[in-house]
Amino acid sequence: MAGPGCDAGRVRVAVVGLGWAGRSIWLPRLREHPGYEVVALVDPDPAIRAELDTTAGPGGVFARPDELSRHDVDLAVVAVPNHLHCPVAVGLLEAGIPVFVEKPVCLSTAEADRLAVAERAGGAVLLAGSAACLRADLRALYTLAGQLGTIRHVDVSWVRAHGVPDAGGWFTRRDLAGGGALVDLGWHLLDAVVPLVGPGGFVDAVGTVSGDFVADAAWSAVWRHPGSVAARSGGDVEDTARAFLVSADGVSVTLRASWASHEPLDATVIRVEGSTGSAQLDCTFGFSPNRRPASSLSWTRAGTTTPVDVATEPVGTEYRRQLDELPVLLADPDRRGVAAAQARSTIAAIERIYDSAGRPAPVSGQPGARGRATVTGRLAATS
Ligand SMILES: NC(=O)c1ccc[n+]([C@@H]2O[C@H](COP(=O)([O-])OP(=O)(O)OC[C@H]3O[C@@H](n4cnc5c(N)ncnc54)[C@H](O)[C@@H]3O)[C@@H](O)[C@H]2O)c1
């Protein structure tokens, strides 16, 4: 296992970044999971630390990730703002602490390369990957896809009715988030299609981006701050991206990621077209309350569509499943380099889409540096 504590049983875990994801997704699930012991919480915000001090339990509360020691921590779960994923993960890896990093794992191929170098330098593994791939409905689609002959095309979309995260905060600043709906929701979608199109990445990608909703607080993700009215809005990222990609194995993919739309519900749709039939999953990824009430799966062959039984699980079940999986990955010496390589492939596709949409290259790690595109100007005009 990764460190001295793991052999004794539970993985001693630190949560780095205790904002919405840290406190809503990771901390409660880690605390109730028998495979983990939460030994440290890290956040630079004094108000968050003060709140955590009263609830932290036996673990320590720290302001900086570099206060963690590999002798005390077997795994750090990193859920900081996007532009800090790479620097925080690199620091931890170089210190010999294995890391699970939230999506988007990195904001450029150069950052993916830095992660791979840090992994080797520190001798600690980088883990990552969207929990969506562990949903029961998506796994049923993967199984069905194996019966469709040669896969020719995948059409994947995650379109929210209302769901711009924290408009006016870091999520909608390109220098801090690296992009909008494409790096946020699109990262999950690109992870989800890997088992369908192969791990070889994409040889081509073009797309468009637009920002018709991001400047209006009425389209914000209300579930992130229940009871409070969004006071801020705006930003310089897209709320919608549409793309066409071609995988190394020659499978085409159409992708749409939208934080907001004129649709009534938040919907995720994945349709797989094979040489001997097609299959379609309709569901809702993520935590939005404005979701399809149940997942549905069907397959179509020679003019006949047949429904397939599929489980609709409680919201967030896939994250518990991901925690079940992490100790196994942590113990597997062959995982070294896998997450960094996958992240490199994903961000390379995203970079190509943004390039084709006329957006300048990401400027990650430089807070305050603003891109030339704005949602009210160029981005709004591109689709
Ligand atoms: N997997 C999912 O479904 C999912 C859902 C939501 C968010 N996320 C991801 O989680 C990450 C965090 O998102 P969020 O919604 O929690 O954002 P957030 O702004 O609510 O929280 C970020 C937290 O990180 C803290 N932070 C900043 N710098 C830090 C540092 N150097 N060390 C430690 N903590 C630091 C901030 O003080 C803040 O508390 C993002 O990358 C986001 O994309 C993933």
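Everything discussed here concerns the structure shown above.
For the structure given in this document, a descriptive report is provided here. If you're wondering where the values come from, they're calculated on a predicted model, not measured in any experiment.

### Thoughts on empty space enclosed by the protein
Taken as a whole and judged by the stated rule, the model has one cavity of 30 Å³ or more. In this structure, the largest cavity occupies an estimated 60 Å³ of space. The wall of the largest cavity is formed by Leu190, Val194, Gly198, Pro199, Gly201, Phe202, Gln342, Ser345 and Thr346. Put simply, the parts of the chain that give the lining of the largest cavity at least two residues each are helix H8 (181-197) and helix H10 (338-356). Of all the elements, H10 adds the most residues to the lining of the largest cavity, at three residues.

### What about unusual backbone geometry?
Following Lys103, the chain continues into Pro104 via a peptide bond in cis, with omega recorded as -15 degrees. With respect to the helices and strands, Pro104 occurs in the loop between strand E5 (99-101) and helix H5 (109-122). Phi at Ala302 takes a positive value of approximately 50 degrees, unusual for a residue other than glycine. Secondary-structure assignment places Ala302 in the loop between strand E13 (296-301) and strand E14 (304-308). Since its relative accessible area comes to 81%, Ala302 is described here as exposed.

### Description of the site of the ligand
Surveying the vicinity of the ligand reveals 28 residues, the closest of which are Ala21, Asp43, Asn82, His85 and Tyr319. Trp20 places a polar main-chain atom, nitrogen or oxygen, 2.9 Å from an oxygen atom of the ligand. Within the complex, the protein chains bury 87% of what would otherwise be the 860 Å² of accessible surface of the ligand. Going through the elements one at a time, helix H2 (20-32) and helix H4 (85-94) are the ones with two or more residues in the shell around the ligand. The dominant element in the shell around the ligand, judged by the number of residues it contributes, is H2, at three residues. Of the residues assigned to the shell around the ligand, the class counts are 18 nonpolar, five polar and five charged. The residue makeup of the shell around the ligand includes at least three contributed by each of domain 1 (11-128) and domain 2 (134-319 + 346-357).

### As for H10
When the terminal C-alpha atoms of H10 are compared, their 27 Å separation across 19 residues agrees well with the 27 Å that a helix rising 1.5 Å per residue should span. Following H10 by one or two positions, Gly358 has its phi on the positive side, about 85 degrees.

### Topic: the sheet that holds strand E11 (residues 267-274)
If you trace the eight strands from one edge of the open sheet to the other, you get E8-E9-E10-E7-E11-E12-E13-E14, paired in mixed fashion. Two strands lie at the open edges of the sheet, namely strand E8 (202-210) and E14, each paired on one side alone. On average, each strand axis in the sheet is tilted by 15 degrees relative to the strand beside it, whichever way the strands run. Most of the contacts of helix H6 (residues 136-145) go to strand E12 (residues 277-283), to which it runs at about 175 degrees, and overall it touches strand E7 (151-159), E11, E12, E13 and E14. Sitting on the sheet, H10 touches E8 and strand E9 (240-247), and the angle it makes with E8 is about 50 degrees.

### Some words on the pattern of salt bridges
Opposite charge on two side chains permits pairing when their charged atoms draw close. Enumeration according to the criterion identifies 12 salt bridges in this entry. Between Lys103 and Asp184 there is a salt bridge, and its shortest N-O distance comes to 2.6 Å. Taken together, the residues span a long stretch of sequence, with Lys103 in the loop between E5 and H5 and Asp184 in helix H8 at a distance of 81 residues. Comparing Lys103 with Asp184 shows no difference in burial state: the two are buried. With a closest N to O distance of 2.7 Å, Arg344 and Asp113 form a salt bridge.

Procedures and definitions
- Residues numbered from 1 in each chain as written.
- Predicted model: local features only at pLDDT ≥ 70, side-chain atom pairs only at ≥ 80, totals over all residues.
- Heavy atoms only, no water.
- 1 Å grid on protein atoms, 1.4 Å probe; cavity = no way out; pocket = protein on both sides within 12 Å on 5 of 7 lines; lining within 4 Å.
- Points joined across faces, edges and corners; volume = space filled by probe spheres on them.
- Helix = DSSP H or I, 4+ residues; strand = E, 2+ residues; numbered from the N terminus.
- Buried < 20%, exposed > 50% of the residue type's maximum accessible area, 1.4 Å probe, protein only.
- Near = heavy atom within 4 Å.
- Polar contact = N/O pair within 3.5 Å; in protein donor to acceptor, adjacent residues only side chain to side chain.
- Areas by Shrake-Rupley, 256 points an atom, 1.4 Å probe, with all protein chains shown as cover.
- Nonpolar A, V, L, I, M, F, W, Y, C, P; charged D, E, K, R; others polar.
- Domains from an automatic or database assignment.
- Expected span 1.5 Å × (residues − 1).
- Pairing = 2+ DSSP bridges.
- Axes fitted to C-alpha atoms, helices over the stretch in contact; angles between N-to-C directions.
- Contact = heavy atoms within 4.5 Å.
- Salt bridge = Lys/Arg side-chain N within 4 Å of Asp/Glu carboxyl O.

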